[in-house]
Amino acid sequence: MGDRMKVCICGGGNGAHVMACLSSASQQKPEVRVLTLFKDEAARWAEKLKEEGMTVTKHNPDGKTEEIKGTPALVTKDACKAVTGADVIIFCVPAFAHQQYLEAIAQYVAPNTSIIGVPGQPGFEFQCFHLLEKKAKSCVILNYETLPWACRISEFGRKVDMLGVKETVTGSRVSGRGNQPKFGDPAKILQSFLGALPVLCEANNYLELTLMAMSFCHPPIMYGKWKDWDEKPLSEEPLFYQGASEEAVNLLSAVSDEVLKIGAKIAEIKPDVKMNKLEHAEKWLKDNYVTSITDSSSFYKAMRTNASYNGLVHPMKNISPGQYMPDFRHRYLSEDIPFGLTIVKGMAQILGLGTPIIDEVMTWAQGKLGKEYLVGSELKGKDVKETRAPQAFGFHSLDDLVGIM
């Protein structure tokens, strides 16, 4: 039993529920521990498990369902109990919560531990190296762009519905020299937990994945919709993607152009840092939704005719019956700016590249968030320290960024 793999799942939400159950049910039968720091979640979850184990109900495209049963060995708020001896640590919490968990686990992380963000989101590596310090160099850090599934808790601590599974999920790897995870490649371990789908793919490097992450898509569409808003309530919730104006889609396209220029500049200066998997947001949309788009003649028409976006609306607050106001504190801005566009902007600034469209979007967004990230066109505002921009962690040159690869 001494050679049994030990896995720690960080988080207590939808994704953490699925990951805790699937990893417990996997063929490797690891000892799974859940660390959740939010209020009394750990106590409530642990109490539920005394009654019965966990069940994931997988809803398949053909309408049929299947049940997967697996129960973690421990659910706790005590980082020492959850992390000591862990071979694999999987983050299944939003990016804004990563700092709290990294600070809690730092002293208990051992050499050759595999740390996996599902999702990690842009800047995950910076934060790991900053908060784990020298320990990070002895770990393998994997960062995945998104959760593998759409999922929803039906009964806290016990039952969760897996509503959809992605075909592929792309990640990146940062690994120090000589790292030898005890149970082998952590990407293969994670794949064994997930099953056949999604297929885990790997970017050339973490910088490429940072620029591939589609976390920069929401803010330009939000800006395009609301920048000239008269501040009067709307009678209905407007469609987000299918209702996007041509101007909003053009803004997104221009942001994507600036992101591609960052990748091209990195590859020009450091030819060994491959960026060949980077693609424009328009190509990404058309490639990923081939069967869902009815008119792909332009970026604008492809977005508006994508059936997979049916019913998706702008984040709104219902202030009274039939009266809606935009929610500018929603994650489309509150996460996608400090944990998305600021990282992209920080990389551009390091390279000496101007990003006028990103600056325009960020300037508007920071006003809605009550934050100061940009001063003019420079990322030097008083709230940069709250973001995952490379500058917030002491990365000020391309050599700094490449140095942790």
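In this report, the structure presented in the accompanying data block is examined. (Residues numbered from 1 in each chain as written. Predicted model: local features only at pLDDT ≥ 70, side-chain atom pairs only at ≥ 80, totals over all residues. Heavy atoms only, no water.)

## Here's the deal with the packing of aromatic side chains
Phase 1: Tallied over the full model, the rule gives 14 aromatic pairs.
Phase 2: Through successive ring pairs, a cluster of aromatic residues spans Phe240, Tyr241, Trp284, Tyr289, Tyr309 and Tyr332.
Phase 3: Geometry around Phe156 places Arg44 over its ring, the cationic atom sitting 4.3 Å from the centre.
Phase 4: We note Lys225 situated over the ring of Trp226; from NZ or CZ to the ring centre the distance is 5.5 Å. (Phe/Tyr/Trp six-rings, centres within 6.5 Å; stacked < 30°, edge-to-face > 60°. Lys NZ or Arg CZ within 6 Å of the ring centre and 35° of its normal.)

## A look at the environment of Thr146
Phase 1: Mapped onto the secondary structure, Thr146 falls in the loop between strand 8 (140–144) and strand 9 (149–155).
Phase 2: Among the residues examined, Thr146 registers a relative accessible area of 24% and is labelled partly exposed.
Phase 3: With 27 residues separating them along the chain, Thr146 and Pro119 place their C-alpha atoms 4.6 Å apart.
Phase 4: Residues in contact with Thr146, not counting those within four places in the same chain, are Val118, Pro119, Lys166 and Val169. (Helix = DSSP H or I, 4+ residues; strand = E, 2+ residues; numbered from the N terminus. Buried < 20%, exposed > 50% of the residue type's maximum accessible area, 1.4 Å probe, protein only. Contact = heavy atoms within 4.5 Å.)

## Points about helix 14 (residues 356–369)
Phase 1: The end-to-end C-alpha distance of helix 14 is 20 Å, a good match for the 20 Å that 14 residues give at a rise of 1.5 Å each.
Phase 2: Listing the buried residues of helix 14 in full gives Ile358, Asp359, Val361, Met362, Trp364, Ala365, Gln366 and Leu369.
Phase 3: In the stretch just after helix 14, Gly370 is the one whose phi turns positive, near 70°. (Expected span 1.5 Å × (residues − 1).)

## So, the pattern of salt bridges
Phase 1: Tallying each qualifying case throughout the model produces 22 salt bridges.
Phase 2: Between Glu51 and Arg158 there is a salt bridge, with its nearest N and O atoms 3.3 Å apart. Taken together, the residues Glu51 in helix 2 (residues 41–51) and Arg158 in the loop between strand 9 and strand 10 (159–165) connect sequence positions 107 residues apart.
Phase 3: The exposure class of Glu51 is exposed, given its relative accessible area of 53%. (Salt bridge = Lys/Arg side-chain N within 4 Å of Asp/Glu carboxyl O.)

## Things to note about the sheet that holds strand 3 (residues 55–59)
Phase 1: What the 4 strands build is an open sheet, ordered 4-3-10-9; its pairing is mixed. Among the strands making up the open sheet, the edge pair consists of strand 4 (65–69) and strand 9. The mean angle between the axes of side-by-side strands here comes to 25°, regardless of whether they run parallel or antiparallel.
Phase 2: Here strand 9 pairs with strand 10 via 6 bridges, running antiparallel. (Pairing = 2+ DSSP bridges. Axes fitted to C-alpha atoms, helices over the stretch in contact; angles between N-to-C directions.)

## Overview of unusual backbone geometry
Phase 1: Put simply, Val118 and Pro119 share a cis peptide bond, and its omega is 0°.
Phase 2: Residue Pro198 is bonded to the preceding Leu197 through a cis peptide linkage, with omega at 0°.
Phase 3: A positive phi is found at Gln121, a non-glycine position, where the angle reads about 70°.
Phase 4: At Glu133, a position not held by glycine, the phi torsion is positive, near 55°.
Phase 5: You can see Glu133 is positioned in the loop between helix 5 (124–132) and strand 8.

## Here we look at the nonpolar core
Phase 1: The biggest cluster of nonpolar side chains holds 93 residues, and the ones touching the most others in it are Leu35, Ile89, Phe91, Leu211, Ile266, Met303 and Leu401.
Phase 2: Core analysis: the second largest hydrophobic core is formed by 37 residues, Val32, Leu49, Cys92 and Leu190 among them. (Core = buried A, V, L, I, M, F, W, Y, C linked by side-chain atoms within 4.5 Å.)

## Description of the sheet that holds strand 12 (residues 199–202)
Phase 1: Pairing is mixed in the open sheet, where 8 strands are placed in the order 5-2-1-6-7-8-11-12. Looking at which strands have only one partner, the edges of the open sheet turn out to be strand 5 (74–76) and strand 12. Ignoring strand direction, the axes of neighbouring strands in this sheet form an average angle of 20°.
Phase 2: When strand 11 (residues 168–175) meets strand 12, the two strands line up parallel, connected through 4 bridges. Its bridge partner being in strand 12, Gly171 is matched across the sheet by Glu202.

## A look at the packing of helix 9 (residues 246–269) against helix 13 (residues 337–351)
Phase 1: Relative to each other, helix 9 and helix 13 sit at 45°, their axes nearing to 10 Å. Put simply, helix 9 runs oblique to helix 13. The interaxial crossing formed by helix 9 with helix 13 has left-handed handedness. For the pair helix 9 and helix 13, contact is made by Val255, Val259, Ile262, Lys265, Ile266 and Ile269 and by Leu341, Val344, Met347, Ala348 and Leu351, respectively.
Phase 2: Residue composition of the contact of helix 9 with helix 13, grouped by class: 10 nonpolar, no polar and 1 charged. (Parallel < 35°, antiparallel > 145°, perpendicular 65-115°, else oblique. Left-handed = near helix turned anticlockwise from the far one by under 90°. Nonpolar A, V, L, I, M, F, W, Y, C, P; charged D, E, K, R; others polar.)

By themselves, these are just geometric observations and shouldn't be taken as functional.
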